[in-house]
Structures are given as structure tokens and as C-alpha cells.
Amino acid sequence: MSPRLSLFRRANSGVLSALFILNLLLVGCGTVPPRTPLTEELSQKAAIPGIPKARIWGDEAPDWAINMEPSSPEELNKKVPALYGTRHDYLALSGGGAKGAFAVGLLLGWSESGTRPEFEMVTGVSTGALIAPFAFLGPEYDATLKEIYTGISTKDIFTERNILIGLTSDAMTDSTPLLKLIQNYVTPQVMNNLATEFRKGRQLNVATTNLDAGRPVIWNLGEIAASGEPRALELIHKILLASASIPVAFPPVLIEVEAEGRQFDELHIDGGGASQVYLYPLGIDWRRVTQALNVQGTPNVYLIRNDHLDPEFEPVEPKVVSIASRSLGSLIRSQGIGDMYRVYLGTQRDGINYHLAYIPNDFREIPKEPFDREYMIKLFNLGYNLAKKGYEWKTAPPGVQVK
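Residues numbered from 1 in each chain as written. Predicted model: local features only at pLDDT ≥ 70, side-chain atom pairs only at ≥ 80, totals over all residues. Heavy atoms only, no water.

A.B. asks: Where do I start with the overall build of the protein in this structure?
C.D. replies: Regarding its fold elements, the protein presents 15 helices and 11 strands. Counting across all 403 residues of the protein, residues that qualify as buried make up 48%. Intrachain contacts of the protein at a sequence separation of at least 6 include 78% that bridge at least 24 residues. Here the protein displays about 20300 Å² of accessible surface, and carbon together with sulfur accounts for 56% of that area. (Helix = DSSP H or I, 4+ residues; strand = E, 2+ residues; numbered from the N terminus. Buried < 20%, exposed > 50% of the residue type's maximum accessible area, 1.4 Å probe, protein only. Contact = heavy atoms within 4.5 Å. Areas by Shrake-Rupley, 256 points an atom, 1.4 Å probe, with all protein chains shown as cover.)

A.B. asks: Whenever I open this one, the side chain of Ser243 confuses me. Can you help?
C.D. replies: With respect to the helices and strands, Ser243 occurs in helix α12 (residues 232-243). With a relative accessible area of 0%, Ser243 lands in the buried category. The residues touching Ser243, leaving out its near neighbours within four places in the chain, are Gly124, Val125, Ser126, Ala129, Ala207, Thr208, Ile269, Asp270 and Gly271.

A.B. asks: So what exactly am I meant to see when it comes to the packing of aromatic side chains here?
C.D. replies: Aromatic ring pairs are described here by two measures, namely the spacing of the ring centres and the angle between the planes. Considering all chains together, one arrives at 13 aromatic pairs under this definition. When the centroid spacing of 5.0 Å and the interplanar angle of 85° are considered together, the rings of Tyr344 and Tyr354 count as edge-to-face. Of this pair, Tyr344 sits in helix α14 (residues 320-350) while Tyr354 sits in strand β11 (residues 353-358), and the two are 10 residues apart along the sequence. Take Tyr344: its relative accessible area is 10%, and that puts it in the buried class. Assessed through its relative accessible area of 3%, Tyr354 is described here as buried. Feature note: the residues Trp110, Phe119, Tyr302, Tyr391 and Trp393 constitute an aromatic cluster, connected by ring pairs. The ring of Trp57 carries the charged tip of Arg215 above its face, separated from the ring centre by 3.9 Å. (Phe/Tyr/Trp six-rings, centres within 6.5 Å; stacked < 30°, edge-to-face > 60°. Lys NZ or Arg CZ within 6 Å of the ring centre and 35° of its normal.)

A.B. asks: What is the right way to look at the pattern of salt bridges in this model?
C.D. replies: Enumeration according to the criterion identifies 19 salt bridges in this entry. Across the pair Arg87 and Asp89 runs a salt bridge whose closest N-O atoms are separated by 2.9 Å. Glu234 is the partner of Arg231 in a salt bridge, and the nearest nitrogen-oxygen pair spans 3.1 Å. (Salt bridge = Lys/Arg side-chain N within 4 Å of Asp/Glu carboxyl O.)

A.B. asks: Just to check I follow, could you spell out the pairing of strand β8 (residues 253-259) for this structure?
C.D. replies: Consecutive side chains of a regular strand alternate in pointing toward one face of the sheet and then the other. Of all seven residues that make up β8, five are buried, and the element is covered over most of its length. Pairing of β8 with strand β9 (residues 262-270), which is carried by seven bridges, proceeds in the antiparallel orientation. In the strand pairing of β9, Glu256 is matched with Asp265. Linking β8 back to β9 in an antiparallel pair, the connection comprises two residues, with Glu260 at a positive phi of about 50°. (Pairing = 2+ DSSP bridges.)

A.B. asks: How do you make sense of the environment of Glu317 when you look at a structure like this?
C.D. replies: Along the chain, Glu317 turns up in the loop between β10 (300-305) and α14. Setting aside its immediate chain neighbours within four residues, Glu317 contacts Ser322 and Ile323.

A.B. asks: Even after reading the chapter, I still don't get the pairing of β9, so can you show me in this structure?
C.D. replies: Most of β9 sits inside the fold, with seven of its nine residues counted as buried. When strand β6 (residues 203-210) meets β9, the two strands line up antiparallel, connected through three bridges. Among the inter-strand pairings, Asn210 is bridged to a residue of β9, identified as His268.

A.B. asks: What is the right way to look at the packing of helix α9 (residues 176-185) against α12 in this model?
C.D. replies: The relative placement of two packed helices is expressed as an angle between their axes plus a distance between the axes. Packing of α9 against α12 brings their axes to within 10 Å, and their N-to-C directions diverge by 135°. When the interaxial angle is binned, α9 and α12 end up oblique. The hand of the α9/α12 crossing is right-handed. On α12, the residues that touch Leu178, Leu179, Ile182 and Gln183 of α9 are His237, Leu240 and Leu241. Residue classes in the contact of α9 with α12 are distributed as five nonpolar, two polar and no charged. (Axes fitted to C-alpha atoms, helices over the stretch in contact; angles between N-to-C directions. Parallel < 35°, antiparallel > 145°, perpendicular 65-115°, else oblique. Left-handed = near helix turned anticlockwise from the far one by under 90°. Nonpolar A, V, L, I, M, F, W, Y, C, P; charged D, E, K, R; others polar.)

A.B. asks: Sorry if this is basic, but what is going on with the packing of helix α5 (residues 100-113) against helix α7 (residues 142-151) here?
C.D. replies: α7 packs onto α5 with a crossing angle of 150° between their chain directions and a minimal axis gap of 10 Å. The angle between α5 and α7 falls in the class roughly antiparallel. Taken as a pair, α5 and α7 cross one another with a handedness that is left-handed. Counting all contacts with α5, which are made through Gly100, Ala101, Val104, Leu107, Leu108 and Ser111, the residues of α7 involved are Asp142, Leu145, Lys146 and Tyr149. Looking at the contact of α5 with α7 residue by residue, the classes come out as six nonpolar, two polar and two charged.

A.B. asks: I tried to follow unusual backbone geometry on my own but got confused; where do I start?
C.D. replies: Most peptide bonds take the trans configuration, and most residues that are not glycine carry a negative phi. Positioned with a positive phi, Glu260 is a non-glycine residue whose angle comes to about 50°. Mapped onto the elements, Glu260 comes out in the loop between β8 and β9.

A.B. asks: What's the story with helix α10 (residues 188-199) in this structure? I'm lost.
C.D. replies: Helical geometry: 3.6 residues make up each α-helical turn, so side chains three or four residues apart lie on a common side. The end-to-end C-alpha distance of α10, which contains 12 residues, comes to 17 Å, matching closely the 16 Å that a straight helix rising 1.5 Å per residue would cover. In this structure, the buried residues of α10 make contact with α6 (127-137), α9, β6, β7 (215-220), α11 (221-225) and α12. The first or second residue beyond α10 is Gly201, which carries a positive phi of 115°. (Expected span 1.5 Å × (residues − 1).)

A.B. asks: Looking at this structure, I do not really get the side chain of Glu120. What am I missing?
C.D. replies: Tracing the backbone through its elements, the reader meets Glu120 in the loop between α5 and β3 (121-125). No salt bridge is formed by the buried Glu120. Its closest oppositely charged neighbour is Arg202, at 5.7 Å. Apart from residues no more than four positions distant in its own chain, Glu120 is found in contact with Ala82, Leu83, Arg87, His88, Asp89, Tyr90, Arg202 and Gln203. (Lys, Arg positive; Asp, Glu negative; His and termini not counted.)

This is how it looks when you write it as C-alpha cells:
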């Protein structure tokens, strides 16, 4: 063994030993929750107690879509009156953190223009998941959305942990403020309203990432709201928190499940861990769905991307944190663009009109903190003014030639 390699091994061993000792000293200060995780086999059987239809995997078609049995028009009209024999408009809200203020401004300006439809389905990821329930319930909740996205700052979302404690716990911050914010606005009345709309057939779906399985999960918040389960509201709060819980930055969320009569838990994080925006699993033959529902005209999807499309130039310091942050940002941006194309391909296959909105590339304000109130107000005003005078939705992602 060369002297250089021997020296390297001794130095490396010393670092590892120091970290091990540090972990022993600080492990009592960490906040890692105890777990009863599922096995891989049971993960396919796990369900939410009392709400078996609460969710589906986001990367495969559900059983109902594969084994769809024909129903009479009378049955469908009675079961889903808001979906049968009507026009269909869908709204898909992407992640983007504080940039969700753009989508909120766009929605309020759209309401002001008098052309905003009632959406038969709304989907959301991360910050889009937080917007989704109120966008789903319509202009009645516009003031609520504006209050949230122009009235908060970083302290209302998370508190930082000591770096040593963060390294020995489940995240570098505490997201309790965000949970309190969700609890404050997603009230029992909001849940009751979601249940009412669900009973008409309208769909509100948000995504998380099952960290144990490494797979996206789509949660039917209307189904949960209408379930009558005593802890339904608590579950909705957990799902919304999980969908916005950026891994490492925010703690993952434990969600209790049952399988074969036993209690377990799953670990869920930001839906953006699997997809930045989605409409429905591509395994579903949506054209078949719309034909069964006798949808009038061609369905429309309105996809709002809470970000720019072009990359932002930013000199990076040659330090681990700066390099990691920039690399992750680039990865998320690329994933988001790929998701836009994936949704587009699905709409072309299934006969759906595609409409895309995104933050204009000439908006180059720089926030002073993760959730900078002034920055969010500017983004809100941008979206509002663009939509109020009639937003020019793109009919395809950039680079796609539309015939």
C-alpha cells in the first residue's frame, strides 16, 4: 500500500469516526419519528383505513380504468351529474414554491375577465396542491388565495434548524408553520364544500411521492372529504403538507395505512419528487372516458407552470452548497419541461385541447428569501394583469409545431 493511500485511509477513517461520535451526541436532539414501515409486498395492498378509494398510483392505470364496465346514460347522469353530457375543462397546477403566486394572480385575473370556467377536474403538485382546493371551489375563494400568496413570508412556511440537529433529523427545517397555515385555511367548511362538489362527480386530485416505494401517488381529496371518516380533515392536511414538503429541506410526512388487518405507515414527500405537473396516469384511455360520459365538444386542459421556461444565468460559487443547489434547480427545471411535453402527448392522443401558461422570461425579479412577500406580490400582479385582459394561452409546449 502506498504511503499516500495509507494516509488517505487514515484521514477518511478519522472523519467518519468524528461524524459517528457527533451522531451519537446529537441523535437525542433529532426529530426522526419512529416508524412501522410496510414491506414491498404489502405496499401493493395498503389502504387508508375507512377510505379504500382515497388514492391510486400515479404511474399506472387504476383498476376502474382497465376494467371499465359500460353504464347506462341514466346511471352516469345520476352518479356524476357534473361530468355527464357537459363540456369538460381541466386545470393542472405545477410546483414552484413561492412562484405559485403567479398561478394565483392568473386565476384571479381570469375570474375578473369573466371567462374562467368551472373545472371538472383540478390537479396540483407541491405549491400547486396548496392552490388546488381553492381553485377547485371557484372564484368564491379567490380572496382566500390572494390573502395566502400575497400575505405570507418565509417565517409562515418554515423555521430553520440548527445545522447539526438538521443533519441528524429528517430535514434541515421545521415545517410546522406551513402545517398551521394549511389548518387555518383548509377548514371543516372547506372540506364540506369539497365533499359537495365530489358528490356531483367533480374531481380534485393532488400528488405526493411515496418515498418508500419511490412512486407517485394521486390522492382524491373529494373522496376523502366525503368519506365521513372522523380523521378525514387531518388526512387532507397531511396530504397537502406532504405534497409541498421538499425533500431534505422539509420533513417527510408519515401517513398511517393498513394492510392485512395490521397498522403501518408510509413516508410521503413533495409530489415534485416524481412529477412537477400531471393530469392523469397515461395508462388511462381518456378518450374512452369522455365518450362514456358523453362529453360535449372537445375537452380543454389548462396547464399553469409556476416557473420560466428558459434557464436563468447565475454564476455559481465553487462550494458544495452552491453547486448542489444550482444542480438541483437545473434538474427540477428539466423535469418540469419534460412533464409539460408528457401531458401534451397525452392530450394529443386522447383528443384534448392543450393550453399552457408560464412566467414570462422577461420577469427577472430576484427574491431576497425563499418566500419573499414583495416578490410574490409582483408575481401575483403579473399573472393578474396578464389574465385580466385575456391571457394568450400557448397551444403547445415550446418547439412543437402546431398544424
